[in-house]
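# Coordinate analysis (summary)
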Amino acid sequence: MAETGTRTPLHAPPLVEGLSAFAGDYDLILCDVWGVLHNGVASFPAACEALTKVRAGGATVVLVSNAPRPNRFIMGMLDGLGVPRTAYDAIVTSGDVTRDMLEARPGARVYHLGPARDVGTFDGLDLTLASLEDADLVVCTGLLDDDVETPEDYADALATMKARELPFICANPDLVVERGDKLIFCAGAIAQAYEQIGGKAYWCGKPYRPIYDTAFARAEVIRGEAVERARVLGIGDALRTDIAGANDAGFDSLFISGGIHAQELKSIDGAVPDTESLADLFTGHAHPRGVMPRLAW
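On to the overall build of the protein chain, then. What the protein chain contains, in helices and strands, is 9 helices and 13 strands. By the compact-globule yardstick of 19 Å for 297 residues, the protein chain fits well, its C-alpha radius of gyration being 20 Å. Counting only C-alpha atoms and orienting by the principal axes, one finds that the protein chain spans roughly 55 × 55 × 30 Å. For the protein chain, with 297 residues in total, the buried portion stands at 52%.

If you want it as structure tokens, here you go:
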């Protein structure tokens, strides 16, 4: 028993220098995008090189993103940020899973809560975009202006949705994401607020199973064979989505400390994370196989 006033020692996940330390143990890499390959402003060349090399070694890389738009939009964005297509075999997004869910509701009247740039999520679907008063359900892809708004700005709209008992499809389960050197709120923060007032939310991305099922199916087509869970590694910077999702789905994970948890881990700009803070973060949670400030080979 620890003495009064002393702190019980905690154990942090192991720090590793590069993906090459255990890349050969895996046939499939499911890699997060925002916070691992780029920060919304610029790509991380070392991360791109690491994934390119793991593919050259025979592994398949599927990027798994909580972006609310279909994968073709994310590919274009990655091209613009300088992420080479040699770094991945395919992309699966929460926007893809959202589309699957909407295809199961033909003729639905949908209230879109999110910026106009995300309206392409609905291209080609049998639905009608409607006002909140006329909608059958809500699809949230984000805040209208994530530079200045917070979930509190949507309290009245959420109250209206709850009064009508509207299903709320969350097309991006992330609560926050880094853009440059700041954190911005995502659709998941609004969905969380809706659940807090008793609303029903449906979550389409990580850490929930549908996006992993889609990614596995895509990988097996690419490889032409089934993929064993023991030969899969998930990479990401978010404990709540990337690491928890990998643990729930039954495969290993690699945690990138320089992403959305960088402030609390003192891992800003790729600095080695503070060991005590890292141990605190993972207390009560399954540990990843390793921790890196930034993904590298």
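What follows continues from the structure just given.
Counted under the stated rule, the structure contains 15 salt bridges. For Arg223, the salt bridge is made with Glu225, and the minimal N-O distance between the two is 3.2 Å. Here Arg223 falls in the partly exposed class, since its relative accessible area comes to 22%. The network of salt bridges with common partners includes Asp27, Arg223, Glu225 and Arg231.

To continue, consider the layout of surface pockets. Taken as a whole, the largest pocket encloses approximately 410 Å³ of empty space. In this structure, the largest pocket is lined by 26 residues; those nearest its centre are Trp34, Ala67, Pro68, Asn172 and Val177. Listed by contribution, the elements that provide at least two residues to the lining of the largest pocket are helix H2 (71–81), strand E8 (176–179) and strand E9 (182–185). Here the lining of the largest pocket is composed, by residue class, of 13 nonpolar, 6 polar and 7 charged.

Further remarks concern empty space enclosed by the protein. On inspection of all chains with the given rule, the structure shows 1 cavity of 30 Å³ or more. Counted as a void, the largest cavity has a volume near 70 Å³. Lining the largest cavity are Leu30, Asp32, Val64, Lys206, Tyr212, Gly234, Ile235, Gly236, Asp242, Ala246 and Phe251. Breaking the lining of the largest cavity down by element, the ones donating at least two residues are strand E11 (232–236) and helix H7 (239–249). The element best represented in the lining of the largest cavity is E11, accounting for 3 residues. Its residues placed into classes, the lining of the largest cavity shows 6 nonpolar, 2 polar and 3 charged.

Aromatic rings considered in pairs are described by the distance between their centres and by the relative angle of their planes. Evaluated as defined, the whole model comprises 6 aromatic pairs. Seen in terms of ring centroids, Phe255 and Phe282 are 5.2 Å apart; in terms of plane orientation they differ by 85 degrees. Their pairing is edge-to-face. Pair noted here: Phe255 is in strand E12 (residues 252–256) and Phe282 is in helix H9 (residues 275–282), with a separation of 27 residues, a long-range link. For Phe282, a relative accessible area of 1% puts it in the buried group. Positioned above the aromatic ring of Tyr202 is the side chain of Lys200, whose terminal nitrogen or guanidinium carbon lies 5.2 Å from the ring centre. One residue, Arg229, lies across the ring of Phe216, its end atom 4.0 Å from the ring centre.

Turning our attention to the nonpolar core. One finds Leu19, Ile29, Leu51, Leu63, Ile235, Leu254 and Leu295 to be the most contacted residues of the largest nonpolar core, which totals 32 residues. Of all the secondary structure elements, the ones that give two or more residues to this core are strand E1 (28–31), helix H1 (45–56), strand E2 (60–65), H2, E11 and E12. Ranked by the residues each element gives to this core, the list is headed by H1, at 5 residues. Excluding residues that lie within four positions of it along the chain, Leu51 makes contacts with Leu19, Ile29, Cys31, Leu37, Val61, Leu63, Ala87, Ile235 and Leu295. Judged by nonpolar contacts, the second largest core, of 28 residues, contains Ile169, Ala171, Val227 and Val232.

This part is about helix H6 (residues 209–223). In this model H6 runs 21 Å from its N-terminal to its C-terminal C-alpha over 15 residues, within 8% of the 21 Å that 1.5 Å per residue would give. Buried within H6 are the following residues: Ile211, Tyr212, Ala215, Phe216 and Ala219. Buried residues of H6 fall within an arc of 135 degrees about the axis and therefore sit on the same side. At its buried positions, H6 is contacted by E1, E2, strand E3 (90–93), helix H3 (94–103), E11 and H7.

Attention shifts here to the sheet that holds E2. Spatially, 6 strands are ordered E3-E2-E1-E11-E12-E13 in an open sheet, and the strand pairing comes out parallel. Unpaired on one side and paired on the other, E3 and strand E13 (290–292) mark the two borders of the sheet. Mean inter-strand twist for the sheet, computed between neighbouring axes without regard to direction, equals 25 degrees. Here 3 bridges tie E12 to E13, and the two strands are oriented parallel to one another.

Now for the sheet that holds strand E10 (residues 201–203). Sheet architecture is open: 5 strands sit in the order E5-E4-E6-E7-E10, paired in parallel fashion. At either end of the open sheet lies a strand with only one pairing partner, and these are strand E5 (127–129) and E10. Across this sheet, the average inter-strand angle for adjacent strands is 30 degrees, counted without regard to direction.

What counts as what
Residue positions are given per chain, counted from 1 along the sequence in the order it is written. This being a predicted model, a pLDDT of at least 70 is required before a residue's local features are given, and a value of 80 or more before pairs of side-chain atoms are given or counted; all residues contribute to the totals for chains, interfaces and linings. Excluding hydrogens and water, the side-chain values take into account all heavy atoms of the structure. Comment: elements are numbered from the N terminus, with helices defined as DSSP H or I runs of at least four residues and strands as E runs of at least two. Based on C-alpha atoms, the radius of gyration is set beside the globule rule, defined as 2.2 Å times the residue count to the power 0.38. Relative accessible area decides the class of each residue, using a 1.4 Å probe on protein chains only: under 20% of the type maximum gives buried, over 50% gives exposed, and in between gives partly exposed. We define a salt bridge as a contact between a side-chain nitrogen of Lys or Arg and a carboxyl oxygen of Asp or Glu at a distance within 4 Å. Buriedness of a pocket was judged along seven lines, with at least five required to meet protein on both sides within 12 Å; pockets are open sets of points on a 1 Å grid over the protein atoms alone, cavities are sets where a 1.4 Å probe fits but cannot get out, and lining residues have an atom within 4 Å of a point. Grid points are joined across faces, edges and corners, and a volume is the space filled by probe spheres set on the points. Any residue that is not Ala, Val, Leu, Ile, Met, Phe, Trp, Tyr, Cys, Pro, Asp, Glu, Lys or Arg is counted as polar, Gly included; the first ten are nonpolar and the last four charged. For Phe, Tyr and Trp, where Trp contributes only its six-membered ring, two rings pair if their centres lie within 6.5 Å, and the inter-plane angle classes them as stacked under 30 degrees, edge-to-face over 60, or tilted in between. Here, a charge over a ring is recorded when the distance from Lys NZ or Arg CZ to the ring centre is within 6 Å and its angle to the ring normal is within 35 degrees. Each nonpolar core is a collection of buried residues, namely Ala, Val, Leu, Ile, Met, Phe, Trp, Tyr and Cys, held together in the definition by side-chain atoms within 4.5 Å. Contacts are assigned to residue pairs that have any heavy atoms within 4.5 Å of one another. Expected span of a helix, by definition, is 1.5 Å for each gap between consecutive residues, and there is one gap fewer than residues. What the arc measures is the spread of directions leading from the helix axis to the C-beta atoms. For two strands to count as paired, DSSP must find a minimum of two bridges between them. Axis angles are defined between N-to-C directions and span 0 to 180 degrees, where every axis is a line fitted to C-alpha atoms and, for a helix, only to the segment in contact.

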